Amino acid sequence: MTVRYPFMLVVAVVVTAGAVWAYLILQRRRTAALAAFGVGGPGGSRRAAVRRHLPYALLLAALPLLLGGLARPQATIDVPRVSGTVVLVFDVSNSMAAKDVAPNRLAAAQAAATSFVEEQPDTVDIGVVVFGDQALTTQAPTDDHAAALAAINRLTATGGTSLGQAILAALTTITGKPVTLPEAGAAPPQLGYWGSASVVVLSDGEDTGDPAQAEAAADLAAAAGVRIQTVGVGTTAGATVQVEGYQLATKLNEQVLRGLADATGGTYLTAGDSGALAASTRSIDLKLTSRKEPVELTGPVAGLALLLLAAGALLMIRWHGRIV
């Protein structure tokens, strides 16, 4: 515990000691005066002594608390809060233009992610990565959630899908250094531990890249303590989308998305319509951490002092008929 104005503690001690000393002198004089008239004396009952001294004792006990409160005491406690880094990774491949989720997969993912960002406190830094054939960081993690929302609103569907590149780009964003897969037989890169970071992949799971690359990237994330959570966008029944004059059949691949989440201890969330998709983002598991913060105790100390004053005053009125 600390105090902002330590000298007030000295004042509290001196004033309280003076008040107690004055009370004792007054009681001695009172006792001597009563004894001179043959009243009172050492033979008085214990109950009478309690009734005589307790109200004043309560008033005297309140005095150092009131003065000590002026010293602005503070205690440092662990305050739980949601914090950390969340990187939203958006699939912007051609298949995300499918309309099995209204108005289409990408638009539904944008709306769900927007709701998610708007609900987060400023203790959560949010970044945005988009991926098709390649992956690109469009917004580095920041507590400026308006910047993240602007990046989300700029997304358009085009190209193929590479989940592996998406995860590597997200890890690069989190660690602040380029992250690539090791060459065959080489040791994996040491990324450090990023237990307060999460990657949220919003995708239909149709990976046109190398599936082994996505699995290896997920293993890197797991080793770094980064949890991948996946949100399936689309339906297992699927739909068709027109790409360069051709009709392309596409459907939600839950197995791929579930495998990425499981590899890092994350969760897979699925939704078959835009309303359920928006609701599913509320189930994204964020990190709950604690931070030591100073909490001022002036209020509680003053409240206790006022309680003692009120109790002393009430006892005086009840037992003596007045406040003296």
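Structure shown above.
The following refers to the structure shown.

Definitions and limits used
Residues numbered from 1 in each chain as written. Predicted model: local features only at pLDDT ≥ 70, side-chain atom pairs only at ≥ 80, totals over all residues. Heavy atoms only, no water. Salt bridge = Lys/Arg side-chain N within 4 Å of Asp/Glu carboxyl O. Helix = DSSP H or I, 4+ residues; strand = E, 2+ residues; numbered from the N terminus. Buried < 20%, exposed > 50% of the residue type's maximum accessible area, 1.4 Å probe, protein only. Pairing = 2+ DSSP bridges. Axes fitted to C-alpha atoms, helices over the stretch in contact; angles between N-to-C directions. Contact = heavy atoms within 4.5 Å. Parallel < 35°, antiparallel > 145°, perpendicular 65-115°, else oblique. Nonpolar A, V, L, I, M, F, W, Y, C, P; charged D, E, K, R; others polar. Arc of directions from axis to C-beta. Phe/Tyr/Trp six-rings, centres within 6.5 Å; stacked < 30°, edge-to-face > 60°. Core = buried A, V, L, I, M, F, W, Y, C linked by side-chain atoms within 4.5 Å. Expected span 1.5 Å × (residues − 1). Polar contact = N/O pair within 3.5 Å; in protein donor to acceptor, adjacent residues only side chain to side chain.

1. Re the pattern of salt bridges
- By the definition in use, this model includes 3 salt bridges.
- In this structure, the salt-bridge partner of R105 is D204, at a minimum N-O distance of 2.8 Å. Separated by 99 residues along the polypeptide, R105 in helix α3 (residues 105-118) and D204 in the loop between β6 (197-203) and α6 (211-223) bring together distant segments of the chain.
- On the basis of relative accessibility, which here comes to 0%, the residue R105 falls in the buried class.
- Looking at D204, the relative accessible area reads 0%, which means it is buried.
- Connected through shared salt-bridge partners, D100, R105 and D204 make up one network.

2. Focus on the sheet that holds strand β7 (residues 227-233)
- The strand order β5-β4-β3-β6-β7-β10 describes an open sheet built from 6 strands, whose pairing is mixed. Strand pairing shows two members of the sheet lacking a second neighbour, β5 (135-142) and β10 (268-271), which therefore form its edges. Strand-to-strand twist across the sheet, computed as the mean angle between neighbouring axes with direction ignored, equals 15°.
- Most of the contacts of α3 go to strand β3 (residues 84-91), to which it runs at about 170°, and overall it touches β3, β4 (124-131), β6 and β7.

3. What to know about the environment of G238
- If you trace the backbone, G238 turns up in the loop between β7 and β8 (239-243).
- Here the alpha-carbon distance between G238 and A98, two residues 140 residues apart in the chain, equals 8.2 Å.
- Contacts of G238, omitting those with residues within four sequence positions, involve D100, R105, T250 and K251.

4. Comments concerning the packing of α3 against helix α4 (residues 145-153)
- The interhelical angle for the contact between α3 and α4, taken along N-to-C directions, is 180°, at an axis separation of 10 Å. Considered as vectors, α3 and α4 are oriented roughly antiparallel to each other. On α4, the residues that touch Q110, A113, T114, V117 and E118 of α3 are H145, L149, I152 and N153.
- Among the residues forming the contact of α3 with α4, the class breakdown is 4 nonpolar, 4 polar and 1 charged.

5. Focus on α4
- Those residues of α4 not exposed but buried are H145, A148, L149, A151 and I152. The arc that holds the buried residues of α4, viewed along the axis, is 160°, so those residues lie on one side. Exposed residues lying more than 90 degrees from the buried face of α4 are A146 and N153.
- In the core, the buried residues of α4 are packed alongside β3, α3, β4 and β5.

6. Considerations on the packing of aromatic side chains
- Summed over all chains, the structure comprises 2 aromatic pairs.
- With a centroid separation of 5.3 Å and 35° between ring planes, the pair formed by Y23 and Y56 is classed as tilted. Linking Y23 in helix α1 (residues 7-36) with Y56 in helix α2 (residues 46-69), this pair joins segments that are 33 residues apart in sequence.
- For Y23, a relative accessible area of 13% corresponds to the buried category.

7. Details of the nonpolar core
- Formed by 26 residues in total, the largest nonpolar core has its most connected members in V89, L171, V199, V201, V226 and I228.
- Mapped by element, the contributors of at least two residues to this core are β3, β4, α5 (163-175), β6 and α6.
- When residues of this core are assigned to their parent elements, the largest contribution, 8 residues, is made by α5.
- The contact partners of V199, leaving out residues within four places of it in the chain, are V87, V89, A170, I174, V226, R227, I228 and Q229.

8. Some thoughts on unusual backbone geometry
- Between A102 and the following residue, P103, the backbone shows a cis peptide bond with an omega angle of -10°.
- Inspection of the secondary structure assignment puts P103 in the loop between β3 and α3.
- One non-glycine residue, R72, adopts positive backbone phi at about 60°.
- Looking at the element boundaries, R72 is found in the loop between α2 and β2 (73-82).

9. Topic: α6
- Helix length check: α6 (13 residues) gives 19 Å between terminal C-alpha atoms against 18 Å at 1.5 Å per residue, within 8%.
- Of all the residues in α6, the buried ones are A214, A217, A218, L220 and A221. Take α6 and look down its axis: the buried residues cluster within an arc of 155°, on one side only. Opposite its buried face, α6 presents the exposed residues E215 and A223, each directed more than 90 degrees away.
- Turning to α6, the residues buried within the fold contact α5, β7 and α7 (254-263).
- Regarding α6, its N-cap is D210, as a side-chain oxygen of that residue lies 3.0 Å from the backbone nitrogen of A212 further along.
- Looking at the residues trailing α6, positive phi occurs at G225, about 80°.

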